[in-house]
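# Survey of secondary and tertiary structure
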Amino acid sequence: MTTSKIALVTGASRPHGLGVAVARELATNGFHAVLAGRDLGRTRQRAEELSADGLAATAVRVDLSEPATIAAAAAWLGDEFGRLDALVHNASLMPDWDTFSLLGADLDGVRAAFEVCVFGPWALTQACLPLLKAAPAARVVTVSSGAAVQVRAGAGLPRPVGAPGYSMAKFTADALTASLAVELRDTGILVNSVDPGQFASHPELGDENDGRPTEESARWVAWAATLPAGGPTGGLFEDGKPA
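A short tour of the structure in this document, coming up. Computed from a predicted structure; not experimentally measured.

## A closer look at the pattern of salt bridges
- The tally for this structure, following the rule as stated, stands at 8 salt bridges.
- Among the salt bridges present, the one from Arg 212 reaches Glu 216, with a minimum N-O distance of 3.6 Å.
- Owing to a relative accessible area of 29%, Glu 216 belongs among the partly exposed residues under this scheme.
- One salt-bridge network, held together by shared partners, links Arg 212, Glu 216 and Asp 239.

So, in structure tokens, the structure goes:
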């Protein structure tokens, strides 16, 4: 069993994505970052870029819509490291960004969003639970979204829910966070969601001015992944404050 802290970050294959930035932030702070993505070649390239900068990083294939890859990744983590100090659910899917109607939603897209944002992270947490318990102070973090606020508004929302599949999935993921925190309360494992705010994750498409640097949002996700003992659990945070 390794003595280094191990972090698994899903959705870590895009060069300027939040997942890679979170992995870099954690690796800079002494973690061995395990980058997970559907495309192993692209994910491995991101890990190699971190390694080239002197950071400890590895890649593993995880497709949250394929249970077999979840089981395989958990088994590999167990064989390779024997523990997991931080599990960051960053992978996401927004198939209906231009839809503004629950009744007009494509339910296949809704199911796909739930698969990646809810069911996959749920299954991955189950599969990694023995590894999380093997760490002295494990943390589970789910990257949330301001889109979930629409659902929380309920009947007070002045317009139909935008991106309904994505928004409903993120809202459900926040509820899952709170429920898991209760179930894991006596284990010392802290479980929280983080709204990363608006950040520019596609500079190659010219969105530099559409939000703050991705690295800034990544720091707050990493903050939740490194909370001290006795820290908050079951909450939704933005920039380190309850959202």
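The discussion continues.
## Re the pairing of strand 4 (residues 86-89)
- The alternating pattern of strand 4 places Ala 86 and Val 88 and Leu 87 and His 89 on opposite faces, both of which are buried.
- Inspection of the sheet shows strand 1 (residues 5-9) paired to strand 4 by 3 bridges, in the parallel sense. Each bridged residue has a counterpart across the sheet, and for Leu 8 the counterpart in strand 4 is Leu 87.
- In this fold, the crossover linking strand 4 to strand 5 (residues 139-143) by way of helix 4 (residues 107-134) has right-handed handedness.

## Overview of the sheet that holds strand 4
- Strand order across the open sheet formed by 8 strands is 3-2-1-4-5-6-9-10, with mixed pairing between neighbours. Two strands close off the open sheet at either side, each with one partner strand: strand 3 (57-61) and strand 10 (241-242).
- Relative to strand 9 (residues 236-238), strand 6 (residues 190-194) is paired through 2 bridges, and the arrangement is parallel. Across the sheet, the residue bridging to Val 194 is Phe 237, located in strand 9.

## Notes on the packing of aromatic side chains
- Within the structure shown, the criterion is met by 4 aromatic pairs.
- Judged by centre distance (6.1 Å) and plane angle (40 degrees), the ring pair of Phe 114 and Phe 119 falls under tilted.
- Under the relative-accessibility criterion, Phe 119 is labelled partly exposed at 42%.
- On the basis of an interplanar angle of 70 degrees and a centroid distance of 6.1 Å, the ring pair of Trp 220 and Trp 223 is categorised as edge-to-face. Taken together, the residues Trp 220 and Trp 223, both in helix 7 (residues 214-225) and 3 residues apart, mark about one turn of the helix.
- Given the relative accessible area of 26%, Trp 223 is considered partly exposed.
- Here a set of aromatic residues connected by ring pairs shows up, and it is made of Trp 220, Trp 223 and Phe 237.

## Remarks on the packing of helix 1 (residues 18-28) against helix 7
- Close contact between helix 1 and helix 7 brings their axes to 8 Å; oriented N to C, the two are set at 60 degrees. Classified by the angle between their axes, helix 1 and helix 7 sit oblique to one another. Seen along the crossing, helix 1 lies across helix 7 with a hand that is right-handed. Taken together, the residues of helix 7 that come into contact with helix 1 (itself represented by Leu 18, Ala 21, Val 22, Glu 25 and Leu 26) are Thr 214, Ser 217, Ala 218, Arg 219, Val 221, Ala 222 and Ala 225.

## Comments concerning helix 6 (residues 164-183)
- For helix 6, spanning 20 residues, the distance from its first C-alpha to its last is 28 Å, which sits close to the expected 28 Å at 1.5 Å a residue.
- Considered for burial, the residues of helix 6 that qualify are Pro 164, Gly 165, Tyr 166, Ser 167, Ala 169, Lys 170, Ala 173, Asp 174, Leu 176, Thr 177, Leu 180 and Ala 181.
- Where helix 6 is buried, its residues meet helix 4, strand 5, helix 5 (148-153), strand 6 and strand 9.

## Let's talk about unusual backbone geometry
- One non-glycine residue, Ala 163, lies in the positive phi region at around 45 degrees.
- For Ala 163, the location among the structural elements is in the loop between helix 5 and helix 6.
- Owing to a relative accessible area of 4%, Ala 163 belongs among the buried residues under this scheme.
- Positive phi values are uncommon outside glycine, yet Asp 239 reaches one of about 55 degrees.
- Within the secondary structure layout, Asp 239 lies in the loop between strand 9 and strand 10.
- The partly exposed category is assigned to Asp 239, whose relative accessible area is 30%.

## Focus: the environment of Ser 4
- With respect to the helices, strands and loops of the structure, Ser 4 is situated in the segment before strand 1.
- Sequence separation between Ser 4 and Phe 114 is 110 residues; the distance between their C-alpha atoms is 33 Å.
- For Ser 4, the contacting residues outside a window of four places in its chain are Arg 83 and Asp 85.

The rules behind these values
- Residues numbered from 1 in each chain as written.
- Predicted model: local features only at pLDDT ≥ 70, side-chain atom pairs only at ≥ 80, totals over all residues.
- Heavy atoms only, no water.
- Salt bridge = Lys/Arg side-chain N within 4 Å of Asp/Glu carboxyl O.
- Buried < 20%, exposed > 50% of the residue type's maximum accessible area, 1.4 Å probe, protein only.
- Helix = DSSP H or I, 4+ residues; strand = E, 2+ residues; numbered from the N terminus.
- Pairing = 2+ DSSP bridges.
- Right-handed = clockwise from strand over helix to strand, strands pointing away.
- Phe/Tyr/Trp six-rings, centres within 6.5 Å; stacked < 30°, edge-to-face > 60°.
- Axes fitted to C-alpha atoms, helices over the stretch in contact; angles between N-to-C directions.
- Parallel < 35°, antiparallel > 145°, perpendicular 65-115°, else oblique.
- Left-handed = near helix turned anticlockwise from the far one by under 90°.
- Contact = heavy atoms within 4.5 Å.
- Expected span 1.5 Å × (residues − 1).

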